[in-house]
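What the coordinates show
These are the residues of each chain, in order.
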Amino acid sequence: MAETQLPQSAQYVIIGGGIVGCSVAYHLTKMGHRDVVLLEQGQLSCGTTWHAAGLVGQLRSQPAMTNLIRYSTELYAQLEAETGLATGWMECGSVTVARTDDRMTMLLRTAAAARAQGVEVQVITPQEAQDKWPVMQVDDVKGALWMPGDGKANPTDLTQSLAKGARMGGAKVIEGIKVTDILTKDGVVTGVATDQGTIHAEVVVNCGGQWARQLGKMCGVNIPLHSAEHYYIVTEQIEGVTPDLPVLRDPDGYIYFKEETGGLVMGGFEPDAKPWGMEGIPDNFFFQLLEDDWDQFEILMENALIRVPKMGETGVRQFYNGPESFTPDNNYLLGEAPELKNFFVGAGFNSMGIASAGGAGRALAEWIVEGAPTSDLFAVDIRRFANFNNNPTWLHDRVKETLGLHYAMPWPNRELDTARPFRRSALYDRLAAKNAVFGSKMGWERVNYFAPEGEKPETQYSFGRQNWHDAVAAEHKNTREAVSVFDQSSFAKLLVQGRDACETLNRICAANVDVPVGHTVYTGLLNERGGYESDLTVLRLKDQEFMLITGSAQAVHDADWLRKNFDSEAHVFLTDVTAAWSVLAVMGPQARAVLSKLTKADLSNAGFPFATVQEIDLGYATVLANRMTYVGELGWELVVPVEFTIGVYEDLMRAGAEFGIRDAGYYALEGLRLEKGFRAWSRELTPDVTPLQASLSFAVDLEKPSGFIGKAAVLAAKEDPNHLKKRIVQLVLKDKAPQLWGGEAVLRDGVEIGEVRSAAYGHTLGAAVALCQLEAPEPVTAEYIRNGRFEIDLAGQKLAAEVHLRSPYDPKGERPKVDG
């Protein structure tokens, strides 16, 4: 029975009664929090949820995301027993077919990843696929995957069941009430205004679906999502279609099928989608569809007729054109908004809301109650985006592509093409003129590699070596043997200053940053569990002025983490100065020789030791030179005021000509870092990995008097004999030919015990090199490694590998540094 009376206040107010809002309410009550009010402007599930196809596929590219969906399937399977309301959940399994050799390779990679993540999977023949799904033809099929744990649910029933579970736990669910404003005071949310009065709240959760972006705009919160039309049809009954028919996915045809009342639901994700709702989503768009668009649907229909010829003589019962919200990278948005305290978001589910809602609802409820994520959620963390990602014109152009990503080939290193170029460094035109091939990170155009003269500057994707292999080998070799310049201007730069800057930072950073002015410290920022919230470099420029240089993708995330951990009484201020400074990394054994031609500064080891920073003259410019390396060679990162960047670059190229200076890109950087075994945040370093597991204890100061966030967890881990069952190790393939990309399974004595987190070709070592996360049955010690036979599963092929706890590339004593 729905409530009608709006209370004056509640601890938690959730806006939106789709499946995600109901899941958050359910999980808050499961955690013992009864003072929960859910507000729905129409009726439960009336926005996007009701017309969802209800497919639940478990496997995602990141293990953390797979775990959330695995939990969804467990929840949906037992919910009816708990609430008495059916959910339509059926574990019918799924078949995914491949029409091309590349897609088959992708399925074999998927199977290896599934096994590494503990998801049941079988690679099957075209005939076996047809046995499981008799109404398709398989003449053009190369092979398939069978995932018995996948399933389907009825989205509206599931939503009602979650809502009932929430009510049973004490939540109030009020329908037919419209939120008209979000109330705030001093940067904290205080409640919501509705068309039926005001309700005060300690926490407000925006699960508004397609309306989430507009709700965010009411209170200055950026929620970058945009609606796009999404289509499926329901056919009349087809002979041979039974209720237990598995879900079928045919990604080369952009389509999926599931059984419904003896017929088929057939929908898909066409490569060039049709955005909708540019002027905002109508308020009363409840249980509504858009007009049929058979022209846009044609590519899906053509492919469906290839796979299921019987559809050619079967009637269509209904055409569904239901808009859904999509984000710039096809992952949903979760977490506390960095702009407004206690205002949380769970939205932008990219047509994966039914599969994701159980796990995402639990993860968000835990985040709300604990005050921080309880696992690695960066893939969906709202802080991976900035205010510029919420630009409506940019979003409109980007979602045309993101909808199609569901079934587009997930090539290694795949870059998105739409709505670019977006952010450009001062050198963009110079580097483009040198045949640079750009990738994108946090909107920045960054050089991946330089194509040889006369060659078209574009990446030809494949699962083996790609067309840039030799070009990157030359950049790599030049950095190891001569000197290269990397434009790393996309690094995020945060200035922390104020009377309490040193004391505050030292409490947040795991290393001791109370060092003499002019020193640089590599450090982790740890959470209370001892896991990495970030890793970065701290430059002490003045007594109470520090520049923090962190990864390009982490600007918003890291600034938010730091601010949240500032004492409200402390005299400390953080400013994002990323756009004010370029970074040119001059790396290689000849770096000192080149820079010496341009500066009066003493660059000798005695005059300019490792891990120090000085303001120096360089040609006409005055720059910060930071002696740090991410490639394991002599080098300086030059932090240059933007207006001097071109001059410094021209001077470097002129002065470096006699020393063989050349430009290099991020693909070379990745291979160079991996040979050295340098860890990167969000790859090897995650909120679930500690410095002990990452072998970075040298960057933690357990003795400093101030202590630091996460210290108790690190000390406890040191005493726990099982803590090193999880460990980051380096692997080098014995066979020199294969290319690794990341995501491959790692085996010891034939058993999956981990996965590759980062990989590249190590041109100095002459083989593919990887950093892997092992989760072993016993502590990963030198002896455990010595006594095992290690392999990597590359698309079903087992490749022998050597494991190292220390880098096999001759260390030069230059310590690691955060990724860009």
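Report follows, based on the coordinates. (Residues numbered from 1 in each chain as written. Predicted model: local features only at pLDDT ≥ 70, side-chain atom pairs only at ≥ 80, totals over all residues. Heavy atoms only, no water.)

1. Let's talk about the packing of aromatic side chains
For any pair of aromatic rings, the description rests on two quantities: the centre-to-centre distance and the angle between the ring planes. So the rule is basically this: Two aromatic rings from Phe, Tyr or Trp, using only the six-membered ring of Trp, form a pair when their centres are within 6.5 Å; if the ring planes differ by under 30 degrees the pair is stacked, by over 60 it is edge-to-face, and anything between is tilted. Helix and strand assignments follow DSSP, with helices taken as H or I runs no shorter than four residues and strands as E runs no shorter than two, numbered in order from the N terminus. Buried means the residue's accessible area, taken with a 1.4 Å probe over protein chains only, is under 20% of the maximum for its type, while exposed means over 50%, and partly exposed covers the values in between. The criterion is that NZ of a Lys, or CZ of an Arg, lies within 6 Å of the ring centre and within 35 degrees of the ring normal, and then a charge sits over that ring.
As enumerated under the stated definition, the model contains 26 aromatic pairs in all. Plain terms: the ring middles of Tyr 449 and Tyr 667 are 6.1 Å apart, the flat faces sit at 15° to each other, and that makes the pair stacked. A residue pair is termed long-range when its members are at least 10 positions apart, and Tyr 449 in strand 23 (residues 444–450) and Tyr 667 in helix 16 (residues 666–676) qualify at 218 residues. When its relative accessible area of 0% is taken as the criterion, Tyr 449 is described as buried. One aromatic cluster is present, built from ring pairs that chain together Trp 50, Tyr 232, Phe 287 and Tyr 320. Sitting over the ring of Tyr 761, Arg 465 keeps its end group 4.9 Å from the ring centre. The ring of Tyr 809 has Arg 480 lying over it, and the distance from NZ or CZ to the ring centre is 4.0 Å.

2. As for the sheet that holds strand 27 (residues 532–542)
One key point about sheets: their strands pair by backbone hydrogen bonds, in either a parallel or an antiparallel sense. How we decide: Strand pairing is assigned whenever DSSP detects at least two bridges linking the two strands. With axes taken as lines fitted to C-alpha atoms, and helix axes fitted only over the stretch in contact, angles between N-to-C directions fall between 0 and 180 degrees.
Reading across the sheet, the five strands line up as 26-27-28-25-29 and stay open at both edges, with antiparallel pairing between neighbours. Whereas interior strands pair on both sides, the edge strands pair on one side only; in this sheet they are strand 26 (520–526) and strand 29 (573–576). Going across the sheet, the axis of each strand differs from the next one's by a mean of 30°, ignoring polarity. The sheet contact formed by strand 25 (residues 492–497) and strand 28 (residues 545–550) spans six bridges and is antiparallel. Across the sheet, residue Gln 497 finds its bridge partner in strand 28, namely Glu 545.

3. Looking at the nonpolar core
A general feature of soluble globular proteins is that nonpolar side chains tend to end up buried together. Spelled out, the test is: Residues enter a nonpolar core if they are buried and are Ala, Val, Leu, Ile, Met, Phe, Trp, Tyr or Cys, with the set joined through side-chain atoms within 4.5 Å. Residues count as neighbours in contact if any of their non-hydrogen atoms are within 4.5 Å of one another.
Formed by 49 residues in total, the largest nonpolar core has its most connected members in Ile 14, Val 205 and Ile 368. Those elements giving two or more residues to this core turn out to be strand 1 (9–15), helix 1 (19–30), strand 2 (36–40), helix 2 (63–83), helix 5 (155–168), strand 11 (197–206) and helix 8 (353–370). In terms of residue count, the dominant contributor to this core is helix 8 (nine residues). Residues contacting Val 205, with those up to four places away along its chain left out, are Val 13, Ile 14, Ile 15, Val 24, Phe 344, Leu 364 and Ile 368. Core analysis: the second largest hydrophobic core is formed by 33 residues, Leu 431, Leu 584, Leu 603 and Tyr 649 among them.

4. Side note on the side chain of Arg 307
Our working definition: Definition of a polar contact: a pair of N or O atoms within 3.5 Å, with one able to donate and the other able to accept a hydrogen when the atoms are protein atoms, and with sequence-neighbouring residues admitted only if both atoms are side-chain atoms.
The residue Arg 307 is located in helix 7 (residues 294–307) in this model. A polar contact is formed between the side chain of Arg 307 and the side chain of Asp 140, at a distance of 2.9 Å.

5. What to know about the packing of helix 2 against helix 8
So the rule is basically this: Any angle that is under 35 degrees is reported as roughly parallel, and any over 145 degrees as roughly antiparallel; angles of 65 to 115 degrees are reported as roughly perpendicular and all others as oblique. Throughout this entry, Asp, Glu, Lys and Arg are counted as charged residues, while Ala, Val, Leu, Ile, Met, Phe, Trp, Tyr, Cys and Pro are counted as nonpolar. The remaining residues, Gly among them, count as polar.
At their nearest, the axes of helix 2 and helix 8 sit 7 Å apart, and the two run at 100° to each other. Classified by the angle their axes make, helix 2 and helix 8 are roughly perpendicular. In this structure, helix 2 contributes Leu 68, Ile 69, Tyr 71, Ser 72, Leu 75 and Tyr 76 to the contact, and helix 8 contributes Ile 354, Ala 355, Ser 356, Ala 357, Gly 358, Gly 359, Arg 362 and Ala 363. Considered class by class, the residues forming the contact of helix 2 with helix 8 number nine nonpolar, four polar and one charged.

6. Observations concerning the state of the cysteines
Note the cut-off: Criterion for a disulfide: a pair of cysteine sulfur atoms at a distance within 2.5 Å.
All chains considered together, the criterion is met by zero disulfides. With no disulfide partner, Cys 22 has as its closest neighbouring cysteine sulfur the one in Cys 207, 9.1 Å distant. Cys 22 supplies the cysteine sulfur nearest to Cys 46, a cysteine that is in no disulfide, at a spacing of 11 Å.

7. Points about the packing of helix 2 against helix 5
Test applied: The crossing is said to be left-handed when, going from far helix to near helix, the turn is anticlockwise and less than a right angle, and right-handed when the turn is clockwise.
Put simply, helix 2 and helix 5 touch, their axes get as near as 10 Å, and they point 55° apart. When the axes of helix 2 and helix 5 are compared, the pair comes out oblique. Crossing of helix 2 over helix 5 shows left-handed handedness. Residues Leu 75, Tyr 76, Leu 79, Glu 82 and Thr 83 of helix 2 form the contact with helix 5, whose participating residues are Leu 158, Ser 161, Leu 162, Lys 164, Gly 165 and Met 168. For the contact of helix 2 with helix 5, the class distribution of residues is six nonpolar, three polar and two charged.

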